[in-house]
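# Observations on chain architecture
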Amino acid sequence: MTITSYNPADPADLVVAVEEPGAEAVRAAVARARGAQAGWLAAGAGARSVALGRIADAVEAHAEELAALVVREVGKPLAEARGEVARTAAIWRYYAQAPYAPSGAVHETAGGPGLLLTRRRPHGVAGLIAPWNFPLAIPSWKAAPAMAVGNAVVLKPAPEATACALRLAELVALAGLPQDVFAVLPGGAEEGAALVDAADVVSFTGSTGVGRAVVRAATERGVPVQAELGGLNAALVLPDADIAQAAGHIAAAVAGYAGQKCTATSRVIAVGEAYGPLRDALVKALEAADDAVCGPVVNAAARDRLTGAVDSAVAAGATVLTGGRVPERPGWYVEPTLLAGVPAEHPLAREEFFGPVAVLHAAADLDAAIVLANDTPHSLATSVHSGSLDVALAAADRLDAGMIRINAPSSGVDFHLPFGGAKGASHGEREQGQAALDFYTVGRTISVLPAGPGGGA
Ligand code: NAD
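The text that follows walks through the structure, step by step, so that each part is easy to find. Remember, it's a predicted structure, so these values are computed and weren't measured experimentally. (Residues numbered from 1 in each chain as written. Predicted model: local features only at pLDDT ≥ 70, side-chain atom pairs only at ≥ 80, totals over all residues. Heavy atoms only, no water.)

## Things to note about the sheet that holds strand β4 (residues 115-122)
What links the strands of a sheet is backbone hydrogen bonding, and the strands pair in either a parallel or an antiparallel sense. Pairing is antiparallel across the open sheet formed by 3 strands, whose spatial order is β3-β4-β20. Either end of the sheet is taken by a strand with one partner, and the two such strands are β3 (104-107) and β20 (441-448). In this sheet, neighbouring strand axes are inclined to one another by 20° on average, regardless of whether the strands run parallel or antiparallel. Sheet topology note: the β4/β20 ladder contains 8 bridges and is antiparallel. Pairing of Leu115 across the sheet is with Val448, part of β20. (Pairing = 2+ DSSP bridges. Helix = DSSP H or I, 4+ residues; strand = E, 2+ residues; numbered from the N terminus. Axes fitted to C-alpha atoms, helices over the stretch in contact; angles between N-to-C directions.)

Encoded structure:
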């Protein structure tokens with residue numbers, strides 16, 4: 001079998017074709033990584049710090065080329081692709097400091113002489129499974145902390161983002177990393193499952209169904225696993241919000257990169273009299289979202305799933321306020337779309353469709369809006385739009401989401417802070433920031449008694 005990826009804006013453009021390596025090749029890559037890991041850890045904090053810094057340099061030195069590849073392979077608008085490349089370099093640079101961070105603490109004994117130490121150590125080989133929508137940033141925010149603390153990594157990218165991952169591996173090699181400390185194994189479900197079966201720690205980002213299977217398989221083996229999954233993200237707009245600003249933020253979160261972010265807004269909840277003005281402002285803002293903002297969806301199947309869901313919602317009584325059509329042009333495009341009157345149990349109101357489509361709901365008051373927002377297991381990110389910080393912060397306390405953004409688009413991530421969802425949107429330790437360093441290490445406790453007579457036992 002061959003793994004291929006095509007340009008979503010120009011489906012005749014084949015970006016890459018590579019032979020699928022198969023499960024045995026994954027096991028071999030993990031074995032090689034295991035062989036390299038002890039040397040990588042023993043090289044010390046200074047060497048690991050320098051190496052990670054060099055990866056940041058290599059990413060920066062190839063920024064425009066990388067951004068163009070992201071545009072070509074996964075259809076990301078250029079400005080966002082440039083932003084992702086800059087973030088990727090920043091992630092490597094941020095974690096280049098991590099090898100120097102304290103790896104434990106000294107404690108008093110409960111009684112008697114001696115020393116109690118805690119120390120965090122790497123797991124060994126980290127198996128990283130990534131989606132296609134952030135083809136450089138997500139692999140990097142998994143690999144950089146894992147490597148900083150002394151793990152070797154094997155990355156299995158999504159097939160749709162194969163070329164980006166292979167180019168990242170070339171840049172890592174250019175940075176002079178020891179062989180097999182960072183390996184990329186292209187592939188699909190077979191290679192992903194083989195990696196979960198062989199790695200010492202597993203980090204997965206992707207869709208909910210696949211993620212749950214990965215968590216089950218890793219848990220069965222007894223290896224630590226984290227999974228960041230899909231979201232069904234809401235934007236709450238209160239009547240005292242700056243409606244024009246809220247509409248701009250929400251349109252960016254619905255249509256930005258064609259809604260293909262786990263933190264994209266797919267449910268807009270207008271409270272009380274915010275409904276009418278927000279509906280009108282949002283329609284206007286979505287109609288202004290051009291290719292520089294939205295772009296194509298990743299493939300024909302994604303486009304057809306979206307338009308099928310819109311048609312089915314309309315058949316069930318919904319109204320299209322804007323969009324809903326496939327533009328007549330090459331590429332896998334769907335117009336930014338807003339619907340009202342979608343029945344509460346319709347899949348479009350209940351499931352992640354991963355495209356530039358949102359449903360507008362009315363809520364009588366903030367309490368009703370919070371009940372609606374929380375009525376999903378996919379609680380990743382919620383935005384709250386209000387002129388009152390008191391009201392917004394009080395609402396934040398009652399929302400289930402892992403990420404709450406006040407007067408901002410629901411999409412948007414700060415790489416130095418913990419990132420993850422609530423309820424069914426996330427499993428295990430948070431990603432990014434200090435949380436990632438905790439996930440990629442395991443603690444041990446060391447008790448030291450004085451040697452010789454009188455040392456005690
Ligand atoms: P996906 O679940 O189809 O694939 C994710 C990865 O899993 C790919 O590398 C894929 O090849 C691999 N895979 C598939 N079957 C597997 C199996 N049986 N065992 C092991 N690995 C397997 O997701 P996708 O389409 O690549 O990405 C889109 C999804 O990712 C959306 O649901 C989106 O919300 C989610 N996502 C979540 C976050 C987050 O941090 N919460 C971030 C980005 C994307």
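## Considering the site of the ligand
As a matter of local geometry, the ligand sits amid 28 residues, with Ala130, Lys156, Ser207, Leu229 and Glu352 nearest to it. In the environment of the ligand, an oxygen atom lies 2.5 Å from a nitrogen or oxygen atom belonging to the side chain of Ser207. Separating an oxygen atom of the ligand from a side-chain N or O atom of Glu352 is a distance of 2.5 Å. In the complex, the protein chains occlude 86% of the 850 Å² of accessible area that the ligand would expose alone. Of all the secondary structure elements, the ones that give two or more residues to the shell around the ligand are α7 (189-198), β8 (201-205) and α8 (208-221). If one sorts the elements of the shell around the ligand by residue count, α7 sits on top with 3 residues. By residue class, the composition of the shell around the ligand is 18 nonpolar, 7 polar and 3 charged. Counting contributing residues per domain, the shell around the ligand is built from domain 1 (2-229 + 425-447) and domain 2 (233-406), each supplying no fewer than three. (Near = heavy atom within 4 Å. Polar contact = N/O pair within 3.5 Å; in protein donor to acceptor, adjacent residues only side chain to side chain. Areas by Shrake-Rupley, 256 points an atom, 1.4 Å probe, with all protein chains shown as cover. Nonpolar A, V, L, I, M, F, W, Y, C, P; charged D, E, K, R; others polar. Domains from an automatic or database assignment.)

## Focus on helix α5 (residues 137-148)
Residues lying three or four places apart along an α-helix face the same way, a consequence of the helix completing one turn every 3.6 residues. The end-to-end C-alpha distance of α5 is 16 Å, a good match for the 16 Å that 12 residues give at a rise of 1.5 Å each. The element α5 is largely enclosed, with a buried count of 12 among its 12 residues. Gly150, located one to two residues past α5, shows a positive phi value of around 105°. (Expected span 1.5 Å × (residues − 1). Buried < 20%, exposed > 50% of the residue type's maximum accessible area, 1.4 Å probe, protein only.)

## Some thoughts on the sheet that holds strand β9 (residues 225-228)
Reading across the sheet, the 6 strands line up as β7-β6-β5-β8-β9-β19 and stay open at both edges, with mixed pairing between neighbours. Across the chains shown, the open sheet's two edge strands, defined by having one partner strand only, are β7 (182-184) and β19 (426-427). Looking at chain direction, strand β6 (residues 152-156) and β7 are connected through 3 bridges and run parallel. Paired with Val154 across the strands is Ala183, a residue of β7. Packing against the sheet, α5 makes contact with β5 (125-129), β6, β7 and β8, and its axis sits at approximately 170° to β5. Strands β8, β9 and β19 of the sheet are contacted by α8, whose axis makes an angle of about 175° with β9. (Contact = heavy atoms within 4.5 Å.)

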